[in-house]
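# Observations on chain architecture
Listed here are the chains, written in short residue letters.
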Amino acid sequence: MENKKAAVLAYKCSPEHKINIETALAANYELSLQNDPTAFQNEVTRKPFDVIFLNLQAENGKRLHLLEKIQEHTPSTPVIIACESEDALHIDKSLEPIIYDILNLPISPGRIRRTVRHALEKRQRDNELAYLRRTQDIVYSFDRIIAESENFRTIINSLKKFASTDATLLITGATGTGKSFLSGTVHYNSPRRDKPFIKINCANIPETLLESELFGHERGSFTGADKQRIGRFEQADGGTIFLDEIGEIPLEIQSKLLRVLEDKAFERIGGNKTIKVDVRLIAATNKDLQGLIATGRFREDLYYRISVLPVHLPPLKDRPRCLAPLARKLLEKSTTSLNKGHIRGFSPEVLTLIQGYDWPGNIRQLANTIERAVILEEEELISLGSMNIPEMGRTQTPLVQATEPLEAHERELILRALSENLWVQKDAAKCLGISPRALNYKIKKFGITHQNWRKHKKE
């Protein structure tokens, strides 16, 4: 941080305070010192500073005006106030957000360095968080969701309306249909968008740890609890908590969850202090919750509490008009992340294949299949040879039936190239116009072996 010569502006420094500031900061920061209020205001409006030191003494009658000026022109710049007595300061609450710290004089050079460094680190974290939120605003935009099929368009329109409320939302649907993504979309388009969005997959956490994960625990409450832990509900205060696979929550924890939803209160494990939280719940599951209720594995009262706004996501095979545009969007994402910008689309045969497959793994399977194809493909268009779609789940069309002889032809080409290049894979790959990694994958796919390779491995 210091090597970047961050700019620091200081105002109304006494001779001793000036010496300490210069000793602490002059070598590593771009330091500007001002004693005249007009010159100070001109500096604030003329140039962006990373940190501002403000010496507020009793005789400084314009101190609040200067704080207001800072807030008006550079509200993200942290202000460090130096004063003889913090108790003597009377600062309006509207100005408190720009104040990073208040230090009592005299301040040592070491304290000044640490405070400035911490203020800059906090500003960097705030900037990164703001950037991520802006990015999420784009990613989690309802307008960017592929909703060409009428049934899915209706669902998205409903979620847009649900986002503006605080009611509990239950999203059901098969694995890979986008439950987690849409929960984030709801949060980042809700009034809680600037507050935490906490995601927990209840199926991935052992039953013995789930209650502590959700509600926290006090030190010494059970073996291994050597310190206090803040639960996820506390972390989500003011924001949204997303409980994925809520059907996996044990009955004894379900009762505690019901109380949080009804009373917005709970106690940590081993504690007697009631903790109040303001949290919106979005739940998701691929299980039949009513079936679990019938077998006594899910509370009926909890089900009615979480399903105020129920939404069921259809499988990808029931969204046929979404398939092609969704595949193109996933292809763009994969080519960007894998730095394979030469790939510009799918061949017509691949698009037909994508649209004729049932996709039992839904969007997740489609995304993984496309990512794998991007890794293998060396040409401008994704070809049939780079797509790995199991026979089970394919719609039987003449195109799909023709893929077997195509693969046989591809295997023959690879065998010929290997033979002509004395079974040296690198040379064969160059001859075929593909990467060695792509050739190695196809060799394994077609079960091609050679005695020289085995001999080489033994040696």
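Please refer to the structure placed before this passage.
All figures in this text were calculated on a predicted structure; none of them were measured in a lab.

### Quick look at the packing of helix H7 (residues 207-215) against helix H9 (residues 251-263)
- At a closest axis distance of 11 Å, the pairing of H7 and H9 adopts a crossing angle of 15°. With respect to H9, the element H7 is oriented roughly parallel. For the pair H7 and H9, the crossing hand works out as left-handed. In this structure, H7 uses Glu 207, Leu 210, Glu 211, Leu 214 and Phe 215 to contact H9, whose residues at the interface are Ile 253, Lys 256, Leu 257 and Val 260.
- Partitioning the contact of H7 with H9 into residue classes produces six nonpolar, no polar and three charged.

### Notes on a negative patch on the surface
- Taken together, the side chains of Glu 68, Glu 72, Asp 92 and Glu 96 define an acidic patch exposed on the protein surface.
- Structurally, Glu 96 is set in the loop between strand S4 (79-83) and strand S5 (99-104).
- Under the relative-accessibility criterion, Glu 96 is labelled partly exposed at 43%.

### Here's the deal with the pattern of salt bridges
- One pass over the full model with this rule turns up 14 salt bridges.
- In this structure, the salt-bridge partner of Asp 301 is Arg 299, at a minimum N-O distance of 2.7 Å.
- Overall, the relative accessible area of 29% leaves Arg 299 in the partly exposed class.
- The partner of Glu 380 in a salt bridge is Arg 344, with the nearest N and O atoms 2.8 Å apart. Highlighted residues: Glu 380 in the loop between helix H14 (362-376) and strand S16 (381-382) and Arg 344 in the loop between helix H12 (320-337) and strand S15 (345-346), separated in sequence by 36 residues.

### Digging into the sheet that holds S5
- Across the sheet, five strands lie side by side as S2-S1-S3-S4-S5; this open sheet has parallel pairing. Since the sheet does not close on itself, it has two edges, and those belong to strand S2 (30-34) and S5, each with one partner. Each strand axis lies, on average, 15° off the axis of its neighbour in the sheet, ignoring direction.
- Alignment of strand S3 (residues 51-55) against S4, held across four bridges, turns out to be parallel. In the strand pairing of S4, Phe 53 is matched with Ile 80.
- Sitting on the sheet, helix H2 (residues 37-46) touches strand S1 (7-11), S2 and S3, and the angle it makes with S1 is about 160°.

### Let's talk about the side chain of Thr 168
- For Thr 168, the location among the structural elements is in the loop between helix H5 (150-163) and strand S6 (169-172).
- Judged by its relative accessible area of 6%, Thr 168 is buried.
- Contacts of Thr 168, omitting those with residues within four sequence positions, involve Leu 281, Arg 305, Ile 306, Val 308 and Leu 309.

### Points about the packing of helix H17 (residues 425-432) against helix H18 (residues 436-446)
- Closest axis-to-axis distance for the H17/H18 pair is 9 Å, and the angle between their directions is 105°. Between H17 and H18, the crossing angle belongs to the class labelled roughly perpendicular. Contacts between H17 and H18 involve Gln 425, Ala 428, Ala 429 and Leu 432 from the first element and Pro 436, Leu 439, Asn 440 and Ile 443 from the second.

### Quick look at H2
- For H2, the full list of buried residues reads Pro 37, Phe 40, Gln 41, Glu 43 and Val 44. Taken down its axis, H2 places every buried residue within 155° of arc, on the same side.
- Between the side-chain oxygen of the N-cap and the backbone nitrogen of Thr 38 there are 3.1 Å, and the N-cap of H2 in question is Asp 36.

### Things to note about the packing of aromatic side chains
- Throughout the structure, instances matching the rule amount to six aromatic pairs.
- Between Tyr 11 and Phe 40 the ring centres are 4.8 Å apart and the planes differ by 45°, which places this aromatic pair in the tilted class. Of the two residues, Tyr 11 is situated in strand S1 and Phe 40 in helix H2; the sequence distance between them amounts to 29 residues. An identical accessibility class is assigned to Tyr 11 and Phe 40; each is buried.
- For the pair Tyr 357 and Trp 359, a centre-to-centre distance of 4.6 Å together with 90° between the ring planes defines the contact as edge-to-face. Summarising the burial analysis for this pair, Tyr 357 and Trp 359 share the class buried.
- An aromatic cluster of at least three residues, connected via ring pairs, comprises Phe 215, Phe 233 and Phe 266.

### A closer look at the sheet that holds strand S13 (residues 280-285)
- The five strands lie next to each other as S7-S10-S13-S6-S14, forming an open sheet whose pairing is parallel. Because the sheet does not close on itself, it has two edges, and the strands there are strand S7 (197-201) and strand S14 (309-312). Sheet twist, expressed as the mean angle between neighbouring strand axes with direction ignored, is 15°.
- Summarising the sheet, S7 and strand S10 (residues 240-244) pair through five bridges and their orientation is parallel. Each bridged residue has a counterpart across the sheet, and for Asn 201 the counterpart in S10 is Asp 244.

Thresholds applied
- Residues numbered from 1 in each chain as written.
- Predicted model: local features only at pLDDT ≥ 70, side-chain atom pairs only at ≥ 80, totals over all residues.
- Heavy atoms only, no water.
- Axes fitted to C-alpha atoms, helices over the stretch in contact; angles between N-to-C directions.
- Helix = DSSP H or I, 4+ residues; strand = E, 2+ residues; numbered from the N terminus.
- Parallel < 35°, antiparallel > 145°, perpendicular 65-115°, else oblique.
- Left-handed = near helix turned anticlockwise from the far one by under 90°.
- Contact = heavy atoms within 4.5 Å.
- Nonpolar A, V, L, I, M, F, W, Y, C, P; charged D, E, K, R; others polar.
- Patch = residues over 30% accessible without salt bridge, like charges linked within 9 Å, V, L, I, M, F, W, Y side chains within 5 Å.
- Areas by Shrake-Rupley, 256 points an atom, 1.4 Å probe, with all protein chains shown as cover.
- Salt bridge = Lys/Arg side-chain N within 4 Å of Asp/Glu carboxyl O.
- Lys, Arg positive; Asp, Glu negative; His and termini not counted.
- Charge placed at Lys NZ, Arg CZ, Asp CG, Glu CD.
- Buried < 20%, exposed > 50% of the residue type's maximum accessible area, 1.4 Å probe, protein only.
- Pairing = 2+ DSSP bridges.
- Arc of directions from axis to C-beta.
- Polar contact = N/O pair within 3.5 Å; in protein donor to acceptor, adjacent residues only side chain to side chain.
- Phe/Tyr/Trp six-rings, centres within 6.5 Å; stacked < 30°, edge-to-face > 60°.

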